[in-house]
Amino acid sequence: MTTTDQMADLLETLCPMFVLIDATGRIRRVGPTLQKLRPDQPMVGDDFLQLFELVRPRMVSTMPALMATAGGRLQLRFRDEPRTGLKGLIAPLPDDAGAVVNLSFGISILDAVRDYALTSADFSGTDLAIELLYLVEAKSAAMEASRSLNLRLQGAMLAAEEQAYTDTLTGLKNRRAMDHILGHLIRSKSKFALMHLDLDFFKSVNDQLGHAAGDYVLQQAARIMLEETRHDDTVARIGGDEFVFVFKDLVDPKTLCGIAERIIARLQEPMTFEGKTCEVSASIGTALSTQFDNKDWAEVLNAADQALYEAKKNGRACHVFYGNLTATPAKSDVQPLA
Amino acid sequence: MHGLINRAIQSFVCTTYGRPCWARATETAGLGFVEFEPMLIYDAELSVRLLDALCTDLKRSRADFLEDLGTYLVSHPNTEDLRRLLRFGGVSYVDFLHSLDDLPDRVRLAVSDLELPMLELREETPTEYKLLCFPGLPGFSSVMTGVLRAMGDDYGALVMLADGGHKGEAEVIAITLVESAFAEGRQFDLGGKTS
């Protein structure tokens, strides 16, 4: 037994992916794990550079060039499929007797254990490969748990936001939502119309028939308002019996009058709560964002407010436009905006 | 207490005894919620109240309940990830036993704020071992008894476990390895985790 063979025996235990090559680059011995990667193709006797391609440093295709890389990091891969990537280090033997190349998987370890069905026994006892595999699985599981927590938190956040913007009695938007939407419309320089609606005679329903009846009326009124507006319009309940409509991109007075009159007409239809008849009506004031310089929605809302006040003053159940501040009684002909 | 531990209890109870049982226990314990988040930390007091409620409801001793929890963690398909992580401990049951000394460190590598009590394996003879479970997590030795039993099945080893009393402040599990290759164990491929 020569000393080189004794050394190779040692290497089988210490570095199960070593290659011992002679001065011409022919493979003399190979570690058991490396041989396991090509079970039907004995590596001993092959030319090292025929079996492996050097990825870095490039342009190494001869034995002398390979020997010149001694001590530096090598990146290699198999020339045939699967072209598993390997890391390597070459150490020349004394007296130009060839070299030992030690290989390892590096980052390709995850694919390698799958492709070659490697087991713990294929790695040296000091190799961190098993710990690395453990860590990858453990971290993936932990990451998955964190990811699903994030998804749930996001869902909860959306639900909380939705709740924060909703009037719980009627399911309409609330004042906070209205502020938010109007702020957005102003920032995006959109045109819009604001209607401020106040239920007439609501207080007497509450006083005479009780709060349950009042709540019922508010819910029915909300349903009517949603039915009479488009999906993209905003209907908000901003006070006890006060509502605000935001019509984005709708500033045509004729259309708005039509909507206001339909809403008033439907709200005037008697509602029945536990056998008792509840009768209300509504006054509406409308203002357009185009009537102002569009810097502050509070101005538009204030104008709609004034128009509403005018409508109430003019005997209720009517609709008034800011700007012509004369009442348009419901069910009468529409007065075009001056 | 770490959410992962609470979540383990939740998963075990829901799978084994059903969601109504779990909901009752969270109610009795006054949790105010029914779902533990695995990646959040909870007051340890909550878990104690919850375990009390569960053991009362199920009429089981704390030790029996926790041992079953340990078995569930290793053997149920729901927690296959955990079984795989434990199998990284070694190729044989004895290797696995020896890897337990590193378990708290391994756990911390994966989830840095999950602290498990120190474990120490003592080999008395090649077939007799003692596992010392140090304090830090009440009932941990019961859970570990269930884990050791189920991992025995996983490796195909025939193992007998007994309460080994106390050694200093540690609780001791006495392990007797009757046969290391008693049955065909479950398969474990290093790269076997698909998807």
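Remember, it's a predicted structure, so these values are computed and weren't measured experimentally.

(A) Here's a closer look at the overall build of chain B. Secondary structure summary: chain B contains eight helices and four strands in total. Taken from the N to the C terminus, the helices and strands of chain B come in the order α-α-α-α-α-α-α-β-β-α-β-β. The contacts in chain B between residues at least 6 apart in sequence include a share of 61% that link residues at least 24 apart.

(B) View of unusual backbone geometry. Residues and elements named next belong to chain A. The residue after R56, namely P57, is reached through a cis peptide bond having omega -10°. In this structure, P57 sits in the loop between strand 3 (52-56) and helix 4 (63-67). Cis geometry marks the peptide bond from E81 to P82; its omega dihedral reads -15°. Relative to the helices and strands, P82 resides in the loop between strand 4 (73-78) and strand 5 (85-92). Of note in the backbone geometry, A117 takes a positive phi value of approximately 50° without being a glycine. Along the chain, A117 falls in the loop between helix 5 (109-116) and helix 6 (129-164). Notably, D249 is not glycine yet its phi reads approximately 60°, a positive angle. Along the polypeptide, D249 turns up in the loop between strand 9 (242-248) and helix 10 (253-268).

(C) Examining the sheet that holds strand 6 (residues 99-104) of chain A more closely. Residue and element names in this part refer to chain A. Pairing in this open sheet of six strands is antiparallel, and the strands run 2-1-6-5-4-3 from one edge to the other. Two strands close off the open sheet at either side, each with one partner strand: strand 2 (27-30) and strand 3. Each adjacent strand pair in this sheet contributes to an overall mean axis angle of 35°, direction not counted. In the sheet, strand 4 pairs with strand 5 via five bridges, with the strands oriented antiparallel. Across the sheet, the residue bridging to Q75 is K87, located in strand 5.

(D) Molecular detail of the interface of chain B and chain A. Counting from both sides, the interface comprises 17 residues of chain B and, opposite them, 20 residues of chain A. Where chain B abuts chain A, roughly 1700 Å² becomes buried across the two surfaces, and 65% of that area is made up of carbon and sulfur atoms. When the buried area of chain B at its contact with chain A is split by residue, M39, F88 and L190 of chain B rank highest and sum to 33% of it. Counting across the interface, chain B meets chain A through two salt bridges. A salt bridge links R152 of chain A to E37 of chain B; the shortest N-O distance between them is 2.4 Å.

(E) How the structure looks around a negative patch on the surface. Taken together, the side chains of D127 and E131 of chain A together with D101 and D102 of chain B define an acidic patch exposed on the protein surface. One can find D102 of chain B in the loop between helix 6 (93-99) and helix 7 (103-110).

(F) Structural view of the side chain of D233 of chain A. Residue and element names in this part refer to chain A. The topology assignment puts D233 in the loop between helix 9 (211-227) and strand 8 (234-237). You can call D233 buried: its relative accessible area is 9%. Engagement of the side chain of D233 in a polar contact is seen with the side chain of R230, the distance being 2.7 Å. Those residues within four positions of D233 in sequence are excluded, and the remaining contacts are V246, F247 and K248.

(G) Structural context of the pattern of salt bridges. All names here are of chain A. Following the criterion strictly, the structure yields 35 salt bridges over all chains and no others. The residue D233 makes a salt bridge to R230 at a minimum N-O spacing of 2.7 Å. Relative accessible area serves as the criterion here: at 42%, R230 is assigned to the partly exposed category. Via salt bridges that share partners, R223, E227, E228, R262 and R266 belong to a single interconnected network.

(H) Up close: the pairing of strand 13 (residues 318-321) of chain A. Residues and elements named next belong to chain A. Every second residue of strand 13 is oriented toward a common face, with C318 and V320 on one face and H319 and F321 on the other, all of them buried. Of the strand pairs in this sheet, strand 12 (residues 281-288) and strand 13 are connected by three bridges, and their pairing is parallel. Looking at the pairing, I284 lines up with H319 of strand 13.

(I) Broad picture of the sheet that holds strand 1 (residues 119-125) of chain B. Residue and element names in this part refer to chain B. The strand order 1-2-4-3 describes an open sheet built from four strands, whose pairing is antiparallel. Two strands bound the open sheet, and with one partner strand each, they are strand 1 and strand 3 (158-167). Looking at each pair of strands side by side, their axes are set apart by 25° on average, direction ignored. Relative to strand 2 (residues 128-133), strand 1 runs antiparallel, the two being bridged by six bridges. Its bridge partner lying in strand 2, L119 is registered against C133.

(J) Summary view of the side chain of T234 of chain A. Residues and elements named next belong to chain A. Here T234 is to be found in strand 8. A residue is classified by how much of its surface remains accessible, and T234, at 10% relative accessible area, is buried. Excluding residues that lie within four positions of it along the chain, T234 makes contacts with K173, I181, V244, F245 and V246.

(K) Molecular detail of the packing of helix 5 (residues 80-87) of chain B against helix 8 (residues 140-155) of chain B. Residues and elements named next belong to chain B. Where helix 5 meets helix 8, the closest approach of the two axes is 12 Å, and the angle between their N-to-C directions is 80°. Judged by the inter-axis angle, helix 5 sits roughly perpendicular to helix 8. Residues R83, L86 and R87 of helix 5 form the contact with helix 8, whose participating residues are V147, M151, D154 and Y155. Considered class by class, the residues forming the contact of helix 5 with helix 8 number four nonpolar, no polar and three charged.

(L) Spatial organisation of the environment of A8 of chain B. Residue and element names in this part refer to chain B. Within the secondary structure, A8 is located in helix 1 (residues 3-17). Residue A8 is classed as buried on the basis of its relative accessible area, which comes to 16%. Here A8 is in contact with L69, Y72 and L73, once residues within four sequence places are set aside.

(M) Structural view of helix 1 of chain B. Residue and element names in this part refer to chain B. For helix 1, spanning 15 residues, the distance from its first C-alpha to its last is 20 Å, which sits close to the expected 21 Å at 1.5 Å a residue. Here helix 1 has its buried residues at G3, N6, A8, I9, Q10, F12, V13 and C14. The inward-facing, buried residues of helix 1 abut helix 2 (19-28), helix 3 (44-58) and helix 4 (62-75).

(N) Representation of the confidence of the model for chain B in the model. Residue and element names in this part refer to chain B. Predicted confidence across chain B gives a mean pLDDT of 92, with 98% of residues reaching 70 or more. Helix 5 is the least confidently modelled element of chain B, averaging 89 in pLDDT, while strand 2 averages 97, the highest of any element. Listed scores for the predicted complex are pTM 0.67 and ipTM 0.77.

Calculation rules
Residues numbered from 1 in each chain as written. Chains lettered and ligands numbered in written order. Predicted model: local features only at pLDDT ≥ 70, side-chain atom pairs only at ≥ 80, totals over all residues. Heavy atoms only, no water. Helix = DSSP H or I, 4+ residues; strand = E, 2+ residues; numbered from the N terminus. Contact = heavy atoms within 4.5 Å. Pairing = 2+ DSSP bridges. Axes fitted to C-alpha atoms, helices over the stretch in contact; angles between N-to-C directions. Buried area = accessible area lost by both parts, 1.4 Å probe. Salt bridge = Lys/Arg side-chain N within 4 Å of Asp/Glu carboxyl O. Patch = residues over 30% accessible without salt bridge, like charges linked within 9 Å, V, L, I, M, F, W, Y side chains within 5 Å. Areas by Shrake-Rupley, 256 points an atom, 1.4 Å probe, with all protein chains shown as cover. Lys, Arg positive; Asp, Glu negative; His and termini not counted. Charge placed at Lys NZ, Arg CZ, Asp CG, Glu CD. Buried < 20%, exposed > 50% of the residue type's maximum accessible area, 1.4 Å probe, protein only. Polar contact = N/O pair within 3.5 Å; in protein donor to acceptor, adjacent residues only side chain to side chain. Parallel < 35°, antiparallel > 145°, perpendicular 65-115°, else oblique. Nonpolar A, V, L, I, M, F, W, Y, C, P; charged D, E, K, R; others polar. Expected span 1.5 Å × (residues − 1). pLDDT = per-residue confidence, 0-100.

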